[in-house]
Amino acid sequence: MAFQFRVRQASIAALPLLLISCAPTATTQPVATPAAAMPRPVPVAGLESVMGRSAGALSAQFGTPILDVREGSARKLQFSGPACVLDVYLYPSEQGREAVVTHVDARLPDGRDIDRASCVAALLARGAER
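Enquirer: Sorry if this is basic, but what is going on with the environment of Val120 here?
Expert: Its place among the elements puts Val120 in helix 3 (residues 116-129). Accessibility expressed as a relative area gives 1% for Val120, which makes it buried. Val120 sits 37 residues away from Ala83 along the chain, and the two C-alpha atoms are 9.9 Å apart. Apart from the residues lying within four places of it in its own chain, the contact partners of Val120 are Gly46, Leu47, Ser49, Val50, Phe62 and Leu86.

Enquirer: Please clarify how a nonpolar patch on the surface should be interpreted in this entry.
Expert: There is a patch of nonpolar side chains on the surface, built from Ile66, Leu67 and Val69 and spanning about 240 Å² of accessible area. In this structure, Leu67 sits in strand 1 (residues 67-71). Judged by relative accessible area, which is 32%, Leu67 ranks as partly exposed.

Enquirer: Before we go on, may I ask you to explain the environment of Gln78 in this structure?
Expert: In this structure, Gln78 sits in strand 2 (residues 74-80). Residues Gln78 and Leu67, spaced 11 residues apart in sequence, show a C-alpha to C-alpha distance of 4.9 Å. Aside from chain neighbours lying at most four places away, what touches Gln78 is Pro65, Ile66, Leu67, Val85, Leu86, Asp87 and Arg107.

Enquirer: How should I be thinking about the pairing of strand 1 in this particular structure?
Expert: Each regular strand shows side chains that alternate between the opposite faces of the sheet. Inspection of the sheet shows strand 1 paired to strand 2 by 5 bridges, in the antiparallel sense. The partner of Leu67 across the bridge, within strand 2, is Gln78. Linking two consecutive strands that pair antiparallel, namely strand 1 and strand 2, is a turn of 2 residues; a positive phi of about 65 degrees is found at Gly72 within it.

Rules behind the numbers
Residues numbered from 1 in each chain as written. Predicted model: local features only at pLDDT ≥ 70, side-chain atom pairs only at ≥ 80, totals over all residues. Heavy atoms only, no water. Helix = DSSP H or I, 4+ residues; strand = E, 2+ residues; numbered from the N terminus. Buried < 20%, exposed > 50% of the residue type's maximum accessible area, 1.4 Å probe, protein only. Contact = heavy atoms within 4.5 Å. Patch = residues over 30% accessible without salt bridge, like charges linked within 9 Å, V, L, I, M, F, W, Y side chains within 5 Å. Areas by Shrake-Rupley, 256 points an atom, 1.4 Å probe, with all protein chains shown as cover. Salt bridge = Lys/Arg side-chain N within 4 Å of Asp/Glu carboxyl O. Pairing = 2+ DSSP bridges.

Below you can see the structure in the form of structure tokens.
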């Protein structure tokens, strides 16, 4: 009985310590993070005619895109031909500047990967036939 009384006293004595440990120690303010810098075009052999180009320049090269998606300041254009599908991603290089291509993806019509430069060359050849 004395043992139970001591356990109860110890539990009651420890209760404030438990409550203090759960209380917030300081108020935290949300930290504003700067907007992520837009990726810069990286020169890649065979992609010179695409990287760093505007949507207008791409349309002049490949024709009207089959897909034009905008999300915030980003833009995705998709061009397609019998050989492949080309996705180009455009971002403004600086605030208020026109968006330019910073990334390119390419695939075969069935979805398998294809070399990006080969796809660009195939679409440019098809454009030259028009």
